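A structural walkthrough
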Amino acid sequence: MLKHWPPLNALRGFEAAARLGSFHQAASELHLTQSAISQQIRSLEAYLEQPLFFRSGRSVSLTDAGQDLYSTAQVMLQQLAVGIRRLDQYRKPNQLIVNTTPAFARHWLLPNLADFNRQHPETDLWLFTSFDPPDMAGETIDVAIRDDVSQQVECIFEVLYKDRLYPACHPNVLATPVAQRTTLHGEREMSWEHWSVAGGADVGQKSQGMNFSDPGLLLDAATDGLGIALVSQLLAERKRANQQLIPLSEQTVRGADWAWLIHRDSENNPLTRQFCTWLRGKVERPDSFFYPEAYSALQGKTVIKQLTFAPRHHQLTNVNTWTPDSQWLAFDVRPSGASFTGATIERVNILNGDIEVVYRAPEGAHVGVVTVNPQLPERYVFIHGPENPDADWHYDFHHRRGVVVDQGEASNLDAMDITSPYTPGALRGGSHVHVWSPDGSRLSFTYNDHVMHELDERLDLRNVGVALPFGPVKPPKQHPREYDGSHYCVLVSRTTPEPKPGSDEINRAYEEGWVGEYGYRKPDGSLQRWALAFIGDTRSASGEKVPELFIVDLPDEAQAYQQAGGEALCGTDTTLPAPPKGVMQRRLTFTHERRYPGLVNQPRHWVRSSPDGSQLAFLMRDDSGVVQLWTLSPNGGEPRQVTHGEHDVQSAFNWHPSGKVLGFVQQGRVVLCDAQSGEITPLSGAEGEVPSGDAIVFSPNGKQVAWMQEVDGFRQLWCAETGL
């Protein structure tokens, strides 16, 4: 007998290469790389101290020594395979061997195994736990489910669940003073250092306490009331559902990735397939899908769900608050009611209630009013106040900017240049409510000007602008509050401090919306690709403010935005920036002579276009003084009244993605309104506080609608199924 044998894997690689006459084909058969096969054969040749192959380009052939070894190795491997197959007689006929960690076995798998056994009583399951990952090639295991594995040879690897972590404790611990609570420490992702680095809030954790290397024991300790711990969302779901654990924060941070390894020999085994199908279903749709503290009710076939619970105000923007996959809602936080004092942009998962921090403002800045790009990859944009605010420069309409978070990286949307001569494409003040176009390529915003504000506050008129992907814009930065921006920005509305009574002149442009997913059709059949509709404040013949509906068509070409008309694009020391050449707003409604003239400002609402661009929706009073929903073609004409009756529309509104209905609040309920007939279908009941009028927003897939509603004095986020 040899004292030292060559590695079996090297002999398998040699036998396959010799039999197939190709390293490439051998690698394909054994699910390895060609370089791995080459390395195995080189190591075997080094062990034997002689070459086994002649190599010529891509072809290989056996040497005499190689031919001799091939004959021996082939017989040996065949006999070994036969011997191993003979061992199958010792296996139970329906045996399935599953490996996992002790923590997963005790806290997730065992509580759920009764369900699997009920569905598949014929399976003889052997559960094998280990702290270290198994070697699937050397151990008889069908499936491994772990949070510490990666791809292995001859195995299928797939991530099943991206875990989230949150701080929690037993209710008895929650009742004790924060200073008296013991901190329970885990390892890897379960450490409080991970929580802090990932942006987790301070929940009273201390650096000293009890330490656990096993996350299962850590969870047991927290459940038994020993202290506060960072726990796995997946492993703790039943403890939380049974109220044995109470979250200390609705914020979560990333945990481990739970994955499975399936040996290729077991891939097509019906027992393996049954188990994996069951496992995937349970992980994706756990029994504690809705935690008991989450309010869930049935209104006919409509499921209504409260999404947030923390004692703080959660604020949705009026449009584009959903991620493209319809699973997350982005919001900002208002600790002091409606005031702009939040420091984080966050998002909540409507499926499981997870809260993630998208951005945390540095250096005393405040952030809010977030919208999400409707196209992938996920991008967020929001208002950002000044860092290190002081008495001379603090958050105000003319002291704010847009910031975009893309793949976790934050950058300024608009550049700031308040020093003459002004930089083309930069702004001279603050941008607000940034809304992506339906294709995600550009944004609209409202604007106030610092230069005019310093000259005379009455000259700082609200306007509408667009941010275009023609940057970056880099001013000279001669003032410490100037900065670069990623997009080229211009104003597209024109205002004047004293509009002529009875004219189309306005002194304020606001509450804009993109027209159509692809623009709108003009009367001659041509397509106007880009347009914004907005509200503009005119003056009646008697000098009273009358908000009217306006539209502005926008050019396609980048150079068109860089051509000045009769006034300076960047403005002057005494004038506002002007729209590009040929960009002219057009008035669509003429309501000065109506009994109740003008679009309403209360409830505050934004002009919204139907997806096909054929109708612009807005709010206006009927002759009885009731706030109704109206629509009008972007080409003009007579407005069409959609809603009727004695009850006001009480909120901003949005179109459903289908274009068939709109959503808003009426009679204290969230309702759907048929765009043609005006028929109202309630989604929520009239119980509790009236839903906020600020935002009623549909998910991109049209299956959900979200809103805000107060609970115990705090504005919380809710959603309901639309049934569409």
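1. Regarding a nonpolar patch on the surface
- Taken together, the side chains of L8, L80 and I84 make up a nonpolar region of the molecular surface, amounting to roughly 260 Å² of accessible area.
- By secondary structure assignment, the location of L80 is in helix α4 (residues 64-86).

2. Considerations on the confidence of the model for the protein chain
- This prediction gives the protein chain a mean pLDDT of 90; 95% of its residues lie at or above 70.
- Across residues 285-301, confidence stays below pLDDT 50; counting only partners more than four residues off in sequence or on other chains, it has 37 contacts.

3. Considering the pairing of strand β23 (residues 443-449)
- A large share of β23 lies buried, amounting to 7 of its 7 residues.
- Burial of the side chains of β23 extends over both faces: L443, F445, Y447 and D449 are buried on one face and S444, T446 and N448 on the other.
- The pairing of strand β22 (residues 429-436) with β23 spans 6 bridges and is classified as antiparallel. Bridging from a neighbouring strand, V435 pairs with S444 of β23.
- Count of turn residues in the β22/β23 antiparallel hairpin: 6 residues, of which G440 carries a positive phi of about 75 degrees.
- When β23 meets strand β24 (residues 463-468), the two strands line up antiparallel, connected through 5 bridges. Bridging from a neighbouring strand, L443 pairs with A467 of β24.

4. A few points about the nonpolar core
- F104, W108, I145, W260, F275, W278 and L279 are the most contacted members of the largest nonpolar core, which has 45 residues in total.
- The residues contacting L279, other than those within four sequence positions of it, are W108, I145, L160 and W260.
- Counting 29 residues, the second largest nonpolar core, distinct from the first, contains V464, V466, F534 and V552.

5. Observations concerning the pairing of strand β19 (residues 379-384)
- Most of β19 sits inside the fold, with 6 of its 6 residues counted as buried.
- Where strand β18 (residues 367-372) lies against β19, 4 bridges are found, and the strand directions are antiparallel. Directly across from V367, in β19, lies its bridge partner H384.
- Across 6 bridges, β19 lies against strand β20 (residues 401-406) in antiparallel orientation. Residue pairing in the sheet places F382 in a bridge with V403 of β20.

6. Some details on the domain arrangement of the protein chain
- Per the domain assignment, the segments of the protein chain are domain 1 (8-90) and domain 2 (93-286).
- With centres defined by C-alpha atoms, the gap from domain 1 to domain 2 works out at 40 Å.

7. Quick word on the environment of W630
- Here W630 is to be found in strand β34 (residues 627-632).
- Those residues in contact with W630, other than ones at most four positions away along the chain, are R594, L616, A617, F618, L619, M620, R621, D622, P639, R640, Q641 and V642.
- Within polar-contact distance, the side chain of W630 engages the backbone oxygen of M620 at 2.8 Å.

8. Some remarks on helix α3 (residues 34-48)
- An ideal rise of 1.5 Å per residue puts 21 Å on 15 residues; α3 measures up with 21 Å between its terminal C-alpha atoms.
- When we look at burial in α3, the residues that qualify are I37, S38, Q40, I41, L44 and E45. Down the axis of α3, the smallest arc covering the buried residues is 160 degrees, so these residues share one side. Exposed and oriented more than 90 degrees from the buried face of α3 are S35 and A46.
- The positive-phi residue at the C-terminal boundary of α3 is E49, with phi of around 60 degrees.

9. Some thoughts on the sheet that holds strand β25 (residues 488-491)
- Spatial strand order, β22-β23-β24-β25: 4 strands in an open sheet with antiparallel pairing. The sheet is open, and its two edges are formed by β22 and β25, each paired on a single side. With strand direction ignored, the average angle separating the axes of adjacent strands in the sheet is 30 degrees.

10. Remarks on the packing of aromatic side chains
- Taken as a whole, this structure holds 13 aromatic pairs when the rule is applied.
- With centroids separated by 5.6 Å and ring planes inclined at 65 degrees, the aromatic side chains of F14 and F53 adopt a geometry described as edge-to-face. Of the two residues, F14 sits in helix α1 (residues 8-20) while F53 sits in strand β1 (residues 53-56), which places them 39 residues apart along the sequence. In terms of burial, F14 and F53 fall into one category: buried.
- Relative to F550, the ring of F534 has its centre 5.8 Å away and its plane inclined at 10 degrees; by these criteria the two rings are stacked. Of this pair, F534 sits in strand β29 (residues 530-539) while F550 sits in strand β30 (residues 545-554); the two residues are 16 residues apart in sequence, bridging distant segments of the chain. Here F534 matches F550 in class, with each residue buried.
- Put simply, the rings of F104, W108, F116, W258, F275 and W278 pair up and form one aromatic cluster.

11. So, the pattern of salt bridges
- Counted according to the given criterion, the structure contains 32 salt bridges.
- The partner of K477 in a salt bridge is D484, and the shortest N-O contact between them spans 2.6 Å.
- Among the charged side chains, a salt-bridge network with shared partners connects R164, R347, E356 and E378.

12. What to know about the side chain of K305
- With respect to the secondary-structure elements, K305 resides in strand β13 (residues 302-306).
- Buried charge without a partner: K305 forms no salt bridge, and the closest opposite charge is E721, 8.0 Å away.
- Here I350 takes part through its backbone oxygen, which lies 2.2 Å from a polar atom of the side chain of K305.

13. Re the packing of helix α5 (residues 102-119) against helix α8 (residues 215-223)
- Running from N to C, α5 and α8 cross one another at 45 degrees; their axes reach a closest spacing of 7 Å. Here α5 is positioned oblique relative to α8, judged by the angle of their axes. In contact with A103, R106 and H107 of α5, α8 contributes P215, G216, L217, L219 and D220.
- A class-by-class count of the residues in the contact of α5 with α8 yields 4 nonpolar, 2 polar and 2 charged.

What counts and what doesn't
- Residues numbered from 1 in each chain as written.
- Predicted model: local features only at pLDDT ≥ 70, side-chain atom pairs only at ≥ 80, totals over all residues.
- Heavy atoms only, no water.
- Patch = residues over 30% accessible without salt bridge, like charges linked within 9 Å, V, L, I, M, F, W, Y side chains within 5 Å.
- Areas by Shrake-Rupley, 256 points an atom, 1.4 Å probe, with all protein chains shown as cover.
- Salt bridge = Lys/Arg side-chain N within 4 Å of Asp/Glu carboxyl O.
- Helix = DSSP H or I, 4+ residues; strand = E, 2+ residues; numbered from the N terminus.
- pLDDT = per-residue confidence, 0-100.
- Contact = heavy atoms within 4.5 Å.
- Buried < 20%, exposed > 50% of the residue type's maximum accessible area, 1.4 Å probe, protein only.
- Pairing = 2+ DSSP bridges.
- Core = buried A, V, L, I, M, F, W, Y, C linked by side-chain atoms within 4.5 Å.
- Domains from an automatic or database assignment.
- Polar contact = N/O pair within 3.5 Å; in protein donor to acceptor, adjacent residues only side chain to side chain.
- Expected span 1.5 Å × (residues − 1).
- Arc of directions from axis to C-beta.
- Axes fitted to C-alpha atoms, helices over the stretch in contact; angles between N-to-C directions.
- Phe/Tyr/Trp six-rings, centres within 6.5 Å; stacked < 30°, edge-to-face > 60°.
- Lys, Arg positive; Asp, Glu negative; His and termini not counted.
- Parallel < 35°, antiparallel > 145°, perpendicular 65-115°, else oblique.
- Nonpolar A, V, L, I, M, F, W, Y, C, P; charged D, E, K, R; others polar.

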